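The lines below spell out each chain.
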Amino acid sequence: MENEKVSRKDEMESLNKQQAVFYDTPAAQRKLNIIMKTWRILRRRMYYLMEHSGIWQDLYTLQKQWIGPLAGKKVLDFGCFSGNTLSYYLASNAGSYLGIDLSQEALKQLDDYFKRKGVANARVQCVDILSKDFTETGFDIIYAQGVLHHFMPIDIVLQVLQDKLAPKGRIVTLDPMQTSLLTRSVRAIYHPFRIDREWEWPFTRDTFTCIGNYFQITHLQGAMGLSKWAIPLVFCNKAFAVRMAQYLHGKDMLSATSQQSFLWGCMQIAMCLEHGQKDG
């Protein structure tokens, strides 16, 4: 069993090297087929809706609450690329900040940004978290925005995160899900045609079971559950689509807070994880 885990980890490290090449290639130079181009159009519409209806903002506000006070805390921004929504917030408030990613080019942009902003306690490192070259531990906060779903099987990275986290630390995440019939159906159509399909694995119900074997899920919030039905409206009336998404999002925020039926209709999931397995 141990040899199997080592082999799977080696395979994932090899795959991550492919990811590094992919993300260092300018988007304009990536060859996209018609299915990928269509998907990007749909995804842009979804992101437009999430931004203008306040869905993203609500999720990030919630994540800040879960992260808590940052003074004196050691923070790891895992898979930060050129900077995610909370990178500057984390770096400018933490005792120490380290952003890691597979893309050297993206990290250079983030490092330059921090220097322009005068953030003295921020560092970046181009390294694979699975690699033996990454030796730092004892992080009070590990933030992973859109990262964990790149690992299959996910327990490979969960084991590493468990080792990197300080005893009373916490991990705050945001990832896509494919637990609803709609998202599973759409994914079945476009996934085989994706050029990045080997490292794109939105969460399933089994993912939550696996996470529970390593961490206690202390908080979770699903999004784009009922509100996802406003996406088609963006193509004909953006203002109405935003108002509809805002109304339905309010219901999502109230109901998609536990591993029950309402959550499985969502397309996005934010979580706070701490040491210890789930109860039961």
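Right, let's walk through the structure included here. (Residues numbered from 1 in each chain as written. Predicted model: local features only at pLDDT ≥ 70, side-chain atom pairs only at ≥ 80, totals over all residues. Heavy atoms only, no water.)

This next bit is on the overall build of the protein chain. When helices and strands are tallied, the protein chain shows nine helices and seven strands. Once the C-alpha set of the protein chain is aligned to its principal axes, its extents read approximately 50 × 50 × 40 Å. Looking at the protein chain as a whole, 48% of its 280 residues are labelled buried. Summed over its atoms, the accessible surface of the protein chain is roughly 13,800 Å², and 53% of this surface lies on carbon and sulfur atoms. (Helix = DSSP H or I, 4+ residues; strand = E, 2+ residues; numbered from the N terminus. Buried < 20%, exposed > 50% of the residue type's maximum accessible area, 1.4 Å probe, protein only. Areas by Shrake-Rupley, 256 points an atom, 1.4 Å probe, with all protein chains shown as cover.)

This paragraph deals with the pairing of strand E1 (residues 74-78). Strand residues, when the strand is regular, have side chains that alternate between the two faces of the sheet. With four of five residues buried, E1 lies mostly within the body of the structure. In this fold, the crossover linking E1 to strand E2 (residues 96-101) by way of helix H4 (residues 87-93) has right-handed handedness. Examined bridge by bridge, E1 and strand E4 (residues 139-145) share three bridges and lie parallel to one another. If you follow Asp 77 over to E4, its bridge partner there is Tyr 143. (Right-handed = clockwise from strand over helix to strand, strands pointing away. Pairing = 2+ DSSP bridges.)

It is worth spelling out the environment of Phe 139 at this point. Relative to the helices and strands, Phe 139 is located in strand E4. Phe 139 sits in the buried class, given a relative accessible area of 1%. Sequence separation between Phe 139 and Asp 163 is 24 residues, and the spatial gap between their C-alpha atoms is 9.6 Å. Not counting residues within four places of it along the chain, the set of residues in contact with Phe 139 comprises Lys 74, Val 75, Leu 76, Leu 98, Phe 134, Lys 164, Leu 165, Ala 166 and Gly 169. (Contact = heavy atoms within 4.5 Å.)

Turning to the packing of aromatic side chains, a few remarks are in order. The final tally for this structure, using the stated rule, is nine aromatic pairs. Relative to Tyr 113, the ring of Tyr 88 lies with its centre 5.9 Å away and its plane at 80°, an arrangement referred to as edge-to-face. A residue pair is termed long-range when its members are at least 10 positions apart, and Tyr 88 in helix H4 and Tyr 113 in helix H5 (residues 104-117) qualify at 25 residues. The class of Tyr 113 is partly exposed, set by a relative accessible area of 29%. (Phe/Tyr/Trp six-rings, centres within 6.5 Å; stacked < 30°, edge-to-face > 60°.)

This next bit is on the pattern of salt bridges. Tallied over the entire structure, the rule returns five salt bridges. Note that Glu 136 is salt-bridged to Arg 123, the shortest N-O span being 2.8 Å. Linking Glu 136 in the loop between strand E3 (122-126) and E4 with Arg 123 in strand E3, this pair joins segments that are 13 residues apart in sequence. What makes Arg 123 partly exposed here is its relative accessible area of 42%. (Salt bridge = Lys/Arg side-chain N within 4 Å of Asp/Glu carboxyl O.)

Next up on the list: helix H7 (residues 181-190). It helps to recall that an α-helix has 3.6 residues per turn; residues three or four apart then point in one direction. Those residues of H7 that fall on the buried side of the exposure criterion are Thr 183, Arg 187 and Tyr 190. End-on view of H7: buried residues confined to an arc of 75°, all on one side of the axis. Away from its buried face, by an angle of more than 90 degrees, H7 presents the exposed residues Leu 181, Ala 188 and Ile 189. Looking at the buried side of H7, the elements it contacts are helix H2 (34-52). (Arc of directions from axis to C-beta.)

With that out of the way, let us pick up the side chain of Asp 175. In this fold, Asp 175 is placed in strand E5 (residues 165-176). Despite its burial, Asp 175 pairs with no opposite charge; the closest candidate is Arg 187, at 11 Å N-O. In terms of polar contacts, Asp 175 uses its side chain to reach the backbone amide nitrogen of Val 147, at 3.4 Å. Not counting residues within four places of it along the chain, the set of residues in contact with Asp 175 comprises Gly 146, Val 147, Leu 148, His 149, Phe 203, Met 267, Gln 268 and Ile 269. (Lys, Arg positive; Asp, Glu negative; His and termini not counted. Polar contact = N/O pair within 3.5 Å; in protein donor to acceptor, adjacent residues only side chain to side chain.)

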